[in-house]
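# Summary of structural features
Listed below, chain by chain, are the residues.
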Amino acid sequence: MNGRQIGDVILDLQNISLRFGGVKALTNISFDVREHEIRAIIGPNGAGKSSMLNVINGVYHPQEGRIAFHGEERRRMEPHMAAMQGISRTFQNIALFKGMTVLDNIMTGRITKMKANFIEQAFYFGRARREELEHRKKVEEVIDFLEIQHIRKTPVGRLPYGLQKRVELGRALAAEPTMLLLDEPMAGMNVEEKQDMCRFILDVNDQFGTTIVLIEHDMGVIMDISDRVVVLDYGKKIGDGTPDEVRNNEEVIRAYLGVGH
Amino acid sequence: MLYREAGQFKASYGADQQIFPIRQDRIGIMIVLAIAFIAVPMLASEYWLKGILIQFLVFSCAALGLNILTGYAGQLSLGSAAFMAVGAFASYNFMLRIDGMPLLVAFVLGGLAAAFVGILFGLPSLRIKGFYLAVATLAAQFFIVWLLTKVSWFSNDSSSGVITAQEMVIFGYKFVTPESKYLLVLSVVTALALMAKNMVRGSVGRAWMAVRDMDVAAEVIGIRIMHTKLLAFAVSSFYCGVAGALYAYAYLGTVEPEGFNLDLSFKILFMIIIGGVGSISGAFLGPPSSSCCRFSWM
Amino acid sequence: MQFFLEVLIGGLLSGVMYSFVALGFVLIYKASGVFNFAQGAMVFFAALTFVGILELGVPFWLALVLAFGAMVILGIATERIVLRPLVNQPPIALFMATIGLTFFIEGLAQAMWGASVRGLDLGIQDEPIEWILQATDIGVSKFDLFAAGVAAVLVTALALFFQYTRIGRALRAVADDHQAALSIGIPLQTIWRIVWAVAGFVALVAGLIWGARNGVSFSLTFTALKALPVLILGGFTSVPGAIVGGLIIGSTEKLAEVYLGGYVGGGTDSWFPYVMALAFLLVRPEGLFGEKHIDRV
């Protein structure tokens, strides 16, 4: 459907289990993500979708299982290391820095790429100054891409929900990630906003070749834009395949889509 | 009428990213600095210089420090006065024990000593937040004042820990008159304020604010929480430490550890609240207004 | 060994007094999310008011009622004048307001009743209980034991009040979620007033016991500072935490002063509770009775 070429497996999850005390959030889940693809995770509320993303970028540490990113197996991931390795994400309940402007929020997305230390910055001299301007330019590209030039200097707390979601995507994109984790990017949006968001996601995937892992409840969207779908229910994997395969999977229909589809 | 941003177009990112992007701000700062550096020393009386302006500048410096920690990095601290004490006593000891120690270097070293202590007492911030942390910083407040009182080495074995600041000499020039002391303090504080402004608008400042606004998201973006918080404690304590040194050398002359008590910490906290949490210029608006409406208890 | 036990028991019982002050903090924090720094000042105010009324020749019980009345008025006035205009402000602004309130209450109390140090006699002597001293050779103060008894009664009464009355249930609802409580028709401001009044009552009890033990003077306000480490130890929202935290702080503080104080020149009690609470938090950040918090994103 797009001009991009789906490549090899870049993220491989094997037998992941995650518990909080006695509560099993994820049980023995395995799946993989291929380069440049759009991979969707679906499932009813409480199925463990967000926990899955949190495992991928190191917010949660699974008790069992192996994770390999770019073929490199990791023992224990910390979130900032995931960011360093090119994994960005957005959150289900917007996690922007409310007191900062749109510009500053997106600038924080480039923080791992800024090398000047605080003393250089205190004097705003040499490398510090050069970096600020260089990264500002990159950030402006993101702002142009997402069409949010008009709110560049607005504190994000004042923006409507839909725009906040877009700014959050911008912050993730500013890091130029190889893999983008999106946690319900279209929740609570109206049809037009959803269409815009879909367009941005497809454009990111198409233009930059970014691999996308996406959680979404809107089945129409999932069927349209994703290449492969994982279905979770009660922390277990009950389906995995192309949208068509998943749609026809008996267990998935029973657990999630409901009878009658 | 006069303060309008409209019509000021920036043609480059450099122009848009400068320290004061709005023309009126630039002019305003120039005027304020001109008044502070030229008009005030010529016109102000000795009482004003000694009693009010120097004190105001010293407190502004401490308020700057606290504002970096509380306003920008979101870590509430009730121990600012203790870090001032560390700065004052460390500077005193560097001057006392090292021959030919230049004054400004002693101030910087005093600030660094305070920064080091600040990092130590900032460590709990990695595990606890909010009011729990605020209460924890009281540990610094009480422990440091107690230590400086009990260990007489810090005050060169004087009774009850009182220190008398050495004469201030830079390149052979003695700062004795109120005017000269005022100008010295003003220069130090102006430099520190500009540096603070530069830090908070750069990536360090953004990292601080990100941690303040939402630490989980900050970490996911790639900000190292520990590094960022401890840096805020260090920089903040450095400012407080230098303020403490100035307080001892340029304002009081003679000071005891009890002079840096909890009330002083509260006073600095009041200043940043009144002046504006999360604003560098607020650090300069706070002290005069909180001194003006001075209550009987202050 | 006997000496150790005596110090330990003395510390535990004086810890009860910290618990009193901490209890007032917890009540207000739970119900309104306000970190009420003025609780110590309220203790001072209560004790001074009570002694002041007593000196006018009013009988003991009437003075108690009048002082309680004064605390209720103070609490309600605080809610009305200081906190209501600050609704929806960041917690730090409210906290600062209560610091300001501290100074105000201290000033008000002294303006009303004068600043001189007074004694307060509750009719119970601070002397070792005879038969325990004879049986075990350990001195346990009658007064301390009395204070512990009062604490036990007070905590039981509060627990019953919160658990079984309509107001108590409303209060727990408010503590859990202000907006939800408001939306089902719980009058938030009434509840807050009640909480401030109850906190005032706890302050009065604390003030009487502290005052009887150490005299009613300005130094009572410093007890508030002792209650703060109790709070971080026990958790801001836990009533049992306040009690147990007080006991731990009281006993370790005494033990440290007796056994370590000598080596470092004494005066450790100003900071030891804080360092102790801090060390504890580094091991268990959620406090004694807090639940482990998992960040959901």
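Given the structure is predicted, the values throughout are model-derived calculations rather than measurements.

Moving on, we come to the overall build of chain A. When its secondary structure is counted, chain A shows 10 helices and 10 strands. Taken against the 2.2 N^0.38 rule, which gives 18 Å for 261 residues, the C-alpha radius of gyration of chain A at 19 Å falls within 12% of a compact globule. The principal-axis extents of the C-alpha atoms in chain A amount to approximately 65 × 40 × 35 Å. A separation of at least 24 residues holds for 69% of the contacts in chain A among residues at least 6 apart in sequence.

When its secondary structure is counted, chain C shows 13 helices and zero strands. Starting at the N terminus and ending at the C terminus, chain C contains elements arranged as α-α-α-α-α-α-α-α-α-α-α-α-α. Relative to the 2.2 N^0.38 estimate, which gives 19 Å for 297 residues, the radius of gyration of chain C is 19 Å and therefore close to what a compact globule would have. Along the first, second and third principal axes, the C-alpha set of chain C runs to 60 × 55 × 35 Å. Across the 297 residues of chain C, 44% fall into the buried class. Counting only contacts in chain C whose residues sit at least 6 apart along the sequence, the fraction spanning at least 24 positions is 74%.

All names here are of chain A. Pairing within the open sheet is antiparallel, and its four strands lie in the order β2-β1-β4-β5. Here the strands that pair on one side only, and so sit at the sheet edges, are β2 (23–34) and β5 (72–74). Recorded for the sheet is a direction-independent mean angle of 20 degrees between the axes of neighbouring strands. Summarising the sheet, strand β1 (residues 9–20) and strand β4 (residues 64–69) pair through five bridges and their orientation is antiparallel. Each bridged residue has a counterpart across the sheet, and for D12 the counterpart in β4 is A68.

All right, on to the pairing of strand β9 (residues 228–233) of chain A then. Remark: a regular strand shows side chains that alternate across the two faces of the sheet. Residue and element names in this part refer to chain A. Across four bridges, strand β3 (residues 38–42) lies against β9 in parallel orientation. Bridging from a neighbouring strand, I42 pairs with V231 of β9. Examined bridge by bridge, β9 and strand β10 (residues 236–241) share five bridges and lie antiparallel to one another. Its bridge partner lying in β10, V229 is registered against G241. Connecting the antiparallel pair β9 and β10 is a turn made up of two residues, with Y234 showing a positive phi of about 50 degrees.

Residues and elements named next belong to chain A. The six strands are arranged β6-β7-β8-β3-β9-β10 in an open sheet whose pairing can be described as mixed. Sheet topology places β6 (87–89) and β10 at the edges, where each strand pairs with a single neighbour. Taken over all neighbouring pairs, the strand axes of this sheet differ in orientation by 15 degrees on average, direction set aside. Examined bridge by bridge, strand β7 (residues 179–183) and strand β8 (residues 211–215) share five bridges and lie parallel to one another. Within β8, the residue paired with L180 across the bridge is I212.

Counting from both sides, the interface comprises 31 residues of chain A and, opposite them, 27 residues of chain B. It is helix α5 (residues 127–146) of chain A that provides the largest number of residues to the side of chain A that touches chain B, a total of five residues.

This next bit is on the domain arrangement of chain A. Residues and elements named next belong to chain A. Along its sequence, chain A is organised into domain 1 (1–86 + 177–261) and domain 2 (99–174). Using only C-alpha atoms to locate each centre, domain 1 and domain 2 end up separated by 27 Å. Listed by partner, the interface residues are 10 residues for domain 1 and eight residues for domain 2. Per-element tally for the side of domain 1 that touches domain 2: the top contributor is helix α7 (residues 191–208), with three residues.

All names here are of chain C. Residues annotated in UniProt with the feature "transmembrane region" (unreviewed entry) correspond here to residues 6–27, 60–82, 94–113, 145–162, 191–210 and 230–250. As annotated, residues 145–162 comprises 100% helix and 0% strand, and the C-alpha atoms at either end are separated by 26 Å. The span residues 191–210 shows a helical share of 100% and a strand share of 0%, and its end C-alpha atoms are spaced 28 Å apart.

Attention now goes to the environment of L86 of chain C. Residues and elements named next belong to chain C. Following the sequence through the fold, L86 ends up in the loop between α3 (60–83) and α4 (91–113). Owing to 14 C-beta atoms within 10 Å, L86 belongs among the partly exposed residues under this scheme. Note: C-alpha distance between L86 and I209 (123 residues apart in sequence) is 33 Å. Each residue touching L86, except ones within four places of it in the same chain, is listed here: A93, L94 and A97.

Bringing the confidence of the model for chain C into the picture now. Should the pLDDT be low somewhere, the predicted coordinates at that spot are not to be read in detail. Residues and elements named next belong to chain C. In the predicted model, chain C carries a mean pLDDT of 84, and the fraction of residues at 70 or more is 97%. Within chain C, the lowest mean pLDDT, 73, falls on helix α5 (residues 130–136), and the highest, 91, falls on helix α2 (residues 39–55). Taken together, the chains of this predicted complex give a pTM of 0.90 and an interface ipTM of 0.89.

The next thing to look at is α4 of chain C. If you check α4 of chain C, its first and last C-alpha atoms are 33 Å apart, about what 23 residues at 1.5 Å a residue would give, namely 33 Å. Trailing α4 of chain C by a residue or two, G114 of chain C shows a phi angle of about 85 degrees, which is positive.

This paragraph deals with unusual backbone geometry. Residue and element names in this part refer to chain A. Backbone geometry places E147, a non-glycine residue, at a positive phi of 55 degrees. Tracing the chain through its elements places E147 in the loop between α5 and α6 (161–174). Look at Y234: it is not a glycine, yet its phi comes out positive at around 50 degrees. With respect to the helices and strands, Y234 occurs in the loop between β9 and β10.

With that out of the way, let us pick up the packing of α5 of chain A against α6 of chain A. Residues and elements named next belong to chain A. Relative orientation of the contacting elements α5 and α6 amounts to 140 degrees, with a least axis distance of 10 Å. In this view, α5 runs oblique relative to α6, as classed from their interaxial angle. Every pair of crossing elements has a handedness; the one defined by α5 and α6 is right-handed. Contacts between α5 and α6 involve K138, V139, V142, I143 and L146 on the former and, on the latter, R166, L169, G170, L173 and A174. Here the residues of the contact of α5 with α6 sort into seven nonpolar, one polar and two charged.

Below, the discussion takes up the packing of helix α10 (residues 222–234) of chain C against helix α11 (residues 239–259) of chain C. All names here are of chain C. Contact geometry for α10 and α11: axes closest at 8 Å, N-to-C directions at 120 degrees. Put simply, α10 runs oblique to α11. In this structure, the crossing between α10 and α11 has a hand that is right-handed. Across from P229, V230, L231, L233 and G234 in α10, the residues of α11 making contact are G241, A242, V244, G245, G246, I248 and I249. By residue class, the composition of the contact of α10 with α11 is eight nonpolar, four polar and no charged.

Thresholds applied
- Residues numbered from 1 in each chain as written.
- Chains lettered and ligands numbered in written order.
- Predicted model: local features only at pLDDT ≥ 70, side-chain atom pairs only at ≥ 80, totals over all residues.
- Helix = DSSP H or I, 4+ residues; strand = E, 2+ residues; numbered from the N terminus.
- Rg over C-alpha atoms; globule rule 2.2 N^0.38 Å.
- Contact = placed C-beta atoms within 7 Å.
- Buried ≥ 20, exposed ≤ 12 C-beta atoms within 10 Å, placed from the backbone.
- Pairing = 2+ DSSP bridges.
- Axes fitted to C-alpha atoms, helices over the stretch in contact; angles between N-to-C directions.
- Domains from an automatic or database assignment.
- UniProt positions renumbered as here; feature names shortened; annotations may be inferred.
- pLDDT = per-residue confidence, 0-100.
- Expected span 1.5 Å × (residues − 1).
- Parallel < 35°, antiparallel > 145°, perpendicular 65-115°, else oblique.
- Left-handed = near helix turned anticlockwise from the far one by under 90°.
- Nonpolar A, V, L, I, M, F, W, Y, C, P; charged D, E, K, R; others polar.

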